[in-house]
Amino acid sequence: KAGVTQTPRYLIKTRGQQVTLSCSPISGHRSVSWYQQTPGQGLQFLFEYFSETQRNKGNFPGRFSGRQFSNSRSEMNVSTLELGDSALYLCASSEGGGSLETQYFGPGTRLLVL
Amino acid sequence: EDQVTQSPEALRLQEGESSSLNCSYTVSGLRGLFWYRQDPGKGPEFLFTLYSAGEEKEKERLKATLTKKESFLHITAPKPEDSATYLCAVRSMDSSYKLIFGSGTRLLVRP
């Protein structure tokens with residue numbers, strides 16, 4: 001099975017712009033979670049989608065949003081980018097999102113905000 | 001509040017020199033503890049899941065163990081290709097939908 005894929009792998013944006021990142025989960029996986037990884041804060045949970053519904057959200061401002069499509073692919077959007085949004089954005093998928101399930105991560109999208 | 005602490009922050013070993021990484025956790029009911037390996041510029045790669053105290057899992061040179069307060073990742077006779085950051089994460093009863101990560105241990109194995 002192919003793993004989790006994320007596009008693009010690298011992005012450079014300027015402050016105030018918006019960005020959309022894409023994630024394709026492992027075939028058959030219906031839950032997609034997004035995490036932000038920075039040197040200072042480590043890995044932090046953004047949100048989780050299952051069957052096109054956002055089930056859970058982390059402590060991030062409303063500028064961070066996402067959605068999931070009927071084929072389980074997911075996108076996340078960050079509007080009005082700030083310098084502090086520079087990070088590695090990771091997508092993880094699991095079969096049903098159950099609390100005992102393992103999450104498998106993609107390679108990430110490296111976002112640099114100038 | 002659920003917390004995960006990993007130690008040491010960084011570890012340098014000679015090839016063949018065995019050691020252990022520590023992950024201590026404070027959670028409101030553990031649902032699962034997960035170990036990942038992360039290479040620079042890449043996403044975390046799944047290694048092990050542990051669910052209950054006393055459980056152990058092995059894979060090649062790695063062995064993970066779990067107690068009620070901490071987990072250890074034992075590395076036996078490491079090789080340079082084991083160099084990476086090792087991340088520990090937990091799922092708790094209060095926040096079972098997400099992984100709560102520690103800050104990781106950066107391991108360097110010198111030939």
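Note that this is a predicted model, so its numbers are computed, not measured.

A.B. asks: A description of unusual backbone geometry should follow, citing residues and the corresponding values.
C.D. replies: Omega for the bond connecting Thr7(A) with Pro8(A) falls within 30 degrees of zero, at -10 degrees, which places this linkage in the cis form. Tracing the backbone shows Pro8(A) in the loop between β1 (5–7) and β2 (10–13). For Glu52(A), which is not glycine, the phi dihedral falls at a positive 70 degrees. Its location among the elements puts Glu52(A) in the loop between β5 (42–50) and β6 (53–57). The phi dihedral of Glu60(B) is positive, around 55 degrees, even though this residue is not glycine. When you line up the elements, Glu60(B) lands in the loop between β6 (56–59) and β7 (62–66). Since its relative accessible area comes to 70%, Glu60(B) is described here as exposed.

A.B. asks: Quick one: what's the story with the interface of chain A and chain B, residue by residue and with numbers?
C.D. replies: Taken together, the 18 residues of chain A in the interface contact 18 residues of chain B. Across the interface of chain A and chain B, roughly 1600 Å² is buried in total on both sides, 53% from carbon and sulfur atoms. For the chain A face of the interface with chain B, the top three residues by lost area are Leu43(A), Ser99(A) and Leu100(A), together amounting to 31%. Summed over the shared surface of chain A and chain B, the number is zero salt bridges.

Scoring rules and cut-offs
Residues numbered from 1 in each chain as written. Chains lettered and ligands numbered in written order. Predicted model: local features only at pLDDT ≥ 70, side-chain atom pairs only at ≥ 80, totals over all residues. Heavy atoms only, no water. Helix = DSSP H or I, 4+ residues; strand = E, 2+ residues; numbered from the N terminus. Buried < 20%, exposed > 50% of the residue type's maximum accessible area, 1.4 Å probe, protein only. Contact = heavy atoms within 4.5 Å. Buried area = accessible area lost by both parts, 1.4 Å probe. Salt bridge = Lys/Arg side-chain N within 4 Å of Asp/Glu carboxyl O.

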